Amino acid sequence: MITDFIAMNGYGLYIWLSFGIVFISCAAVYLKAKKTLKKYENDFLDELQNLSVAEKNKALENSEVAQQIVAANSKIN
Amino acid sequence: MFKFFSSSNVYSLIQNLINFINSIFFLILIIGLTFALVLSPPDYIQGDSVRIMYVHVPAAWLGLACFSFITLLSILNFIFKIKNFYFINKSIAPIGLLFTCLAIITGSLWGQPTWGTWWAWDARLTSMFVLMLFYMFYILAFKLLNKEELIVKVSSIIAIIGSINLPIIKYSVEWWTTLHQPASIKIVGSSSIHSAMLLPLLAMLLVFLLYAALIFLMKYKTEIIRIKKKNIKRT
């Protein structure tokens, strides 16, 4: 039964290759997007760390997005 | 109303949407794949090879939809100079390119057992290939050009010229004799596809839509962070 399912009446190669290519490509794009997002978040936090305390406080005070990035990553002192 | 669209609200909305899609995606994927690979019947002529339709058709639809959306936003951006549209387009274009490439590859894999050939330069296949090229030019404009104003102009021109290809893709199977079959699903008029195949197709379309939304939100969030990083000392 499993062999029949994999063989798909002789079309297995084409079907599994199609689904496989779609799955692998989508997974690769997802991982790349996730990695890039993480890199930018870390870069942002590093940039924030490099500011003086006053500048850092001002940046956090004036930007709710900055607060959310910091809260989500909990990396800043 | 306008306060709702502030960057902090948009940012937290994006995060909530990403979490929501992540929580339901695998369930919808399993349902879609079960319908597509197990429950849907084989075609009376094409046999089981018709199952390729469940990835080929949603990919092609989304490839076309993304470019239509990019064109619309490019025109609006050209007229109203809304900077957000630039970032939205930049985030959508790679998704459109991915789906267009997948539609071409899976179409080729479907073509071999059905038509006896991997590729033919007929109207539908060629016009999809042209769409892929326009996506590449569009993305290259963002990669190669430096000035944002120039990128907006060049990418908008590419999108507007590329949009001429969209009705050609849609009507190519009616205007010319092609290997590709005519549309089985029509928004206006009766569709020739049986509900036993339509349901799995719609389930897989939902999977593709959720995936596209997830990647778009991640890329758009990346753009917001990039801008915030650039302006960190000005805030």
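Residues numbered from 1 in each chain as written. Chains lettered and ligands numbered in written order. Predicted model: local features only at pLDDT ≥ 70, side-chain atom pairs only at ≥ 80, totals over all residues.

1. Here's the deal with the overall build of chain A
The helix and strand tally for chain A stands at 4 helices and 0 strands. Scanning chain A from its N terminus toward the C terminus, one meets helices and strands in the order α-α-α-α. For chain A, whose C-alpha radius of gyration is 23 Å, the value lies well above the compact-globule estimate of 11 Å for 77 residues. Across the 77 residues that make up chain A, the buried fraction comes to 19%. (Helix = DSSP H or I, 4+ residues; strand = E, 2+ residues; numbered from the N terminus. Rg over C-alpha atoms; globule rule 2.2 N^0.38 Å. Buried ≥ 20, exposed ≤ 12 C-beta atoms within 10 Å, placed from the backbone.)

2. Here we look at the nonpolar core
Ranked by size, the top nonpolar core spans 54 residues in total, and within it I52(B), A59(B), F99(B) and M204(B) carry the most contacts. Only α2 (12-49) of chain A together with α2 (53-80), α3 (83-115), α4 (123-144), α5 (148-163) and α7 (195-230) of chain B provide two or more residues apiece to this core. Considering each element in turn, this core owes the most residues, 13 residues, to α7(B). Beyond its immediate chain neighbours, meaning those up to four positions away, I52(B) contacts Y14(A), I15(A), S18(A), T106(B), L109(B) and W110(B). With 9 residues, the next largest nonpolar core counts F44(A), L48(A), V65(A) and A66(A) among its residues. (Core = buried A, V, L, I, M, F, W, Y, C linked by C-beta atoms within 7 Å. Contact = placed C-beta atoms within 7 Å.)

3. What about the environment of L64(B)?
Residues and elements named next belong to chain B. Within the element layout of this structure, L64 appears in helix α2. Classification of L64 as buried rests on a count of 20 C-beta atoms within 10 Å. The sequence separation of L64 and P42 amounts to 22 residues, and the corresponding C-alpha distance is 27 Å. Dropping the residues within four chain positions of it, L64 is found in contact with L166 and I169.

4. Focus: the interface of chain B and chain A
With 33 residues of chain B at the interface, the matching set in chain A holds 33 residues. Going through the elements one at a time, α1 (7-39), α3 and α7 of chain B are the ones with two or more residues in the side of chain B that touches chain A. Ranked by the residues each element gives to the side of chain B that touches chain A, the list is headed by α7(B), at 11 residues.

5. As for unusual backbone geometry
Positioned with a positive phi, M8(A) is a non-glycine residue whose angle comes to about 50 degrees. Within the secondary structure, M8(A) is located in the loop between α1 (2-7) and α2. The residue K81(B) is not glycine, and still its phi comes out positive at about 50 degrees. Tracing the sequence through the fold places K81(B) in the loop between α2 and α3.

6. Comments concerning the packing of α3(B) against α4(B)
All names here are of chain B. One can describe the packing of α3 onto α4 by two numbers: an axis separation of 9 Å at closest approach and a directional angle of 150 degrees. On the basis of their axis angle, the class for α3 and α4 is roughly antiparallel. Two packed elements cross with a definite hand, and for α3 against α4 that hand is left-handed. In contact with K90, A93, P94, G96, L97, T100, C101, A103 and I104 of α3, α4 contributes M128, F129, L131, M132, Y135, M136, Y138, I139 and F142. (Axes fitted to C-alpha atoms, helices over the stretch in contact; angles between N-to-C directions. Parallel < 35°, antiparallel > 145°, perpendicular 65-115°, else oblique. Left-handed = near helix turned anticlockwise from the far one by under 90°.)

7. Concerning the environment of F142(B)
Residues and elements named next belong to chain B. As for its position among the elements, F142 is in helix α4. C-beta crowding within 10 Å serves as the criterion here: with 16 such atoms nearby, F142 is assigned to the partly exposed category. Residues F142 and V154, 12 residues apart in the sequence, show an inter-C-alpha distance of 9.1 Å.

8. A closer look at the packing of α2(B) against α3(B)
Residue and element names in this part refer to chain B. Look at α2 against α3: their axes get within 7 Å of each other, and the N-to-C directions meet at 155 degrees. Between α2 and α3, the crossing angle belongs to the class labelled roughly antiparallel. α3 is crossed by α2, and the crossing has left-handed handedness. Taken together, the residues of the contact of α2 with α3 sort by class into 20 nonpolar, 9 polar and no charged. (Nonpolar A, V, L, I, M, F, W, Y, C, P; charged D, E, K, R; others polar.)

9. Focus: the confidence of the model for chain B
Mean pLDDT over chain B: 91, with 94% of residues reaching 70 or higher. With pTM at 0.92, the complex prediction returns an ipTM value of 0.90. (pLDDT = per-residue confidence, 0-100.)

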